[in-house]
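An overview of the molecular structure
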Protein chains: 2
Amino acid sequence: MTVASLIHNDFEDLEFWYPALRLQEAGHSVHILGEEPDVTYLGKYGVPAASTHSFKTANPQDYAMLLVPGGWAPDKLRRYPRVLELVREMDRRGAVIGQICHAGWVLASAGILTGRTVTSTPGIRDDMTNAGAIWVDQPVVVDRNLISSRRPPDLPEYGRALVNALT
Amino acid sequence: MTVASLIHNDFEDLEFWYPALRLQEAGHSVHILGEEPDVTYLGKYGVPAASTHSFKTANPQDYAMLLVPGGWAPDKLRRYPRVLELVREMDRRGAVIGQICHAGWVLASAGILTGRTVTSTPGIRDDMTNAGAIWVDQPVVVDRNLISSRRPPDLPEYGRALVNALT
């Protein structure tokens, strides 16, 4: 299957890369969606990741899953109406959406969190509940098509949940 | 099972973290062996990793696998007689040893590469063959207990091989 992962500068290096590599290990293709294709973005620590496609032209029908990394990239990504549309369209058809750490900001701006149970970094817990979500403090939370996780040490459990969701 | 991963400054961030997180996902414990325990080392890009144990006091019998990350950490690690002993003792009893990228320097200094088929970053191909290894250009190579890989884009195949080796 094909998975889309959103990218922008100052993504959390491991929160972007662990799921991307893990889903490749499980046999899936990962498209890295930036504002433009073939742009190298740098993580918070400086690990690079090059976009392969643009989220401006991406077709949500092409993807079985949408990943939103943490770090400061979500603060940038939520400003693009096309990103929010992509999140809403994929949620509408029940595609798996993964959010970790600060990624929940993007889902809050897309307006899809009402009544959904999620976790996130405790730092944005208030933003999650103000967006209508039920917030719980667990390494990984699965609420139908929405899979959420808190922070880098949760990556083993997050990775397992993402792979299971496509099995 | 319990896995040991060696650490020193300027490790390749993903080459250290992907295997460590992946083996945790598969249910194993990962001990991070630095010169001292509880020291935070920084990867080439700056991703941190804190040692949990010291390689000076580690007992090779405690571990089912020894991982050596790439980056510049291997250039440091090969200078410690205790690290080289640890590699030799684990190899002697057939425990799985994983080397990726520049990690092969440590195995070369431990003197365990004679007649073994391995891969590595092409940058140290000559050091591998001069140490007696047969060098091949493949994403992952398994020669009995020795599993080797070339570089970060090979991590999905390296991760799969490491997990399979403990299954």
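Those residues of helix α6 (residues 155–165) of chain A not exposed but buried are A:Leu155, A:Pro156, A:Tyr158, A:Gly159, A:Ala161 and A:Leu162. Turning to α6(A), the residues buried within the fold contact α1 (13–25), β7 (96–100), β10 (140–143) and β11 (146–149) of chain A together with α1 (13–25) of chain B.

Right, let's get into α1(A). All names here are of chain A. In this model, α1 (13 residues) spans 18 Å end to end at C-alpha, consistent with the 18 Å of a helix rising 1.5 Å per residue. Counting buried positions along α1 yields 12 of 13 residues, so the element is predominantly enclosed. Of the residues making up α1, those classed as buried are Asp13, Leu14, Glu15, Phe16, Trp17, Tyr18, Pro19, Ala20, Leu21, Arg22, Leu23 and Glu25. Phi for Gly27, located one or two positions after α1, is positive at around 100 degrees.

Residue and element names in this part refer to chain B. The side-chain alternation of strand β11 (residues 146–149) yields two buried faces, one formed by Leu146 and Ser148 and the other by Ile147 and Ser149. The pairing of strand β7 (residues 96–100) with β11 spans four bridges and is classified as parallel. Within β11, the residue paired with Gly98 across the bridge is Ile147. With four bridges connecting them, strand β10 (residues 140–143) and β11 associate as antiparallel partners. Within the sheet, the bridge partner assigned to Val140 lies in β11 and is Ser149. Between β10 and β11, which pair antiparallel in sequence order, lie two residues; one of them, Arg144, sits at a positive phi of approximately 50 degrees.

Once that is clear, we can look at the relation of the copies chain B and chain A. Expressed as a screw transformation, the operator carrying chain B onto chain A has a rotation angle of 180 degrees and an axial translation of 0.0 Å, and the superposed copies differ by an RMSD of 0.0 Å. With respect to symmetry, the two chain copies, as superposed, fit the operation of a two-fold axis. Interface overlap between copies: 100% of the residues of chain B at the interface are likewise at the interface in chain A, consistent with a symmetric, same-surface contact.

With that settled, consider the packing of α1(B) against helix α6 (residues 155–165) of chain B. Residues and elements named next belong to chain B. α6 packs onto α1 with a crossing angle of 40 degrees between their chain directions and a minimal axis gap of 10 Å. Taken together, α1 and α6 sit at an angle that is classed as oblique. In the crossing of α1 with α6, the sense of the turn from one axis to the other is right-handed. Together, Leu14, Tyr18, Pro19, Arg22 and Leu23 of α1 and Leu155, Tyr158, Gly159, Leu162 and Val163 of α6 make up the contact between the two elements. When the residues that make up the contact of α1 with α6 are grouped by side-chain class, the tally is eight nonpolar, one polar and one charged.

Time to look at the sheet that holds β7(B). Residue and element names in this part refer to chain B. Across the sheet, which stays open at both edges, the seven strands sit in the order β5-β2-β1-β6-β7-β11-β10 with mixed pairing between neighbours. Of all the strands in the sheet, just β5 (53–54) and β10 have a single pairing partner and so form its edges. Seen against the sheet, α6 touches β7, β10 and β11 and runs at an angle of roughly 170 degrees to β11.

Rules and cut-offs
- Residues numbered from 1 in each chain as written.
- Chains lettered and ligands numbered in written order.
- Predicted model: local features only at pLDDT ≥ 70, side-chain atom pairs only at ≥ 80, totals over all residues.
- Buried ≥ 20, exposed ≤ 12 C-beta atoms within 10 Å, placed from the backbone.
- Helix = DSSP H or I, 4+ residues; strand = E, 2+ residues; numbered from the N terminus.
- Contact = placed C-beta atoms within 7 Å.
- Expected span 1.5 Å × (residues − 1).
- Pairing = 2+ DSSP bridges.
- Least-squares fit on C-alpha atoms with pLDDT ≥ 70 in both.
- Axes fitted to C-alpha atoms, helices over the stretch in contact; angles between N-to-C directions.
- Parallel < 35°, antiparallel > 145°, perpendicular 65-115°, else oblique.
- Left-handed = near helix turned anticlockwise from the far one by under 90°.
- Nonpolar A, V, L, I, M, F, W, Y, C, P; charged D, E, K, R; others polar.

In short, shape yes, function no, at least from these values alone.
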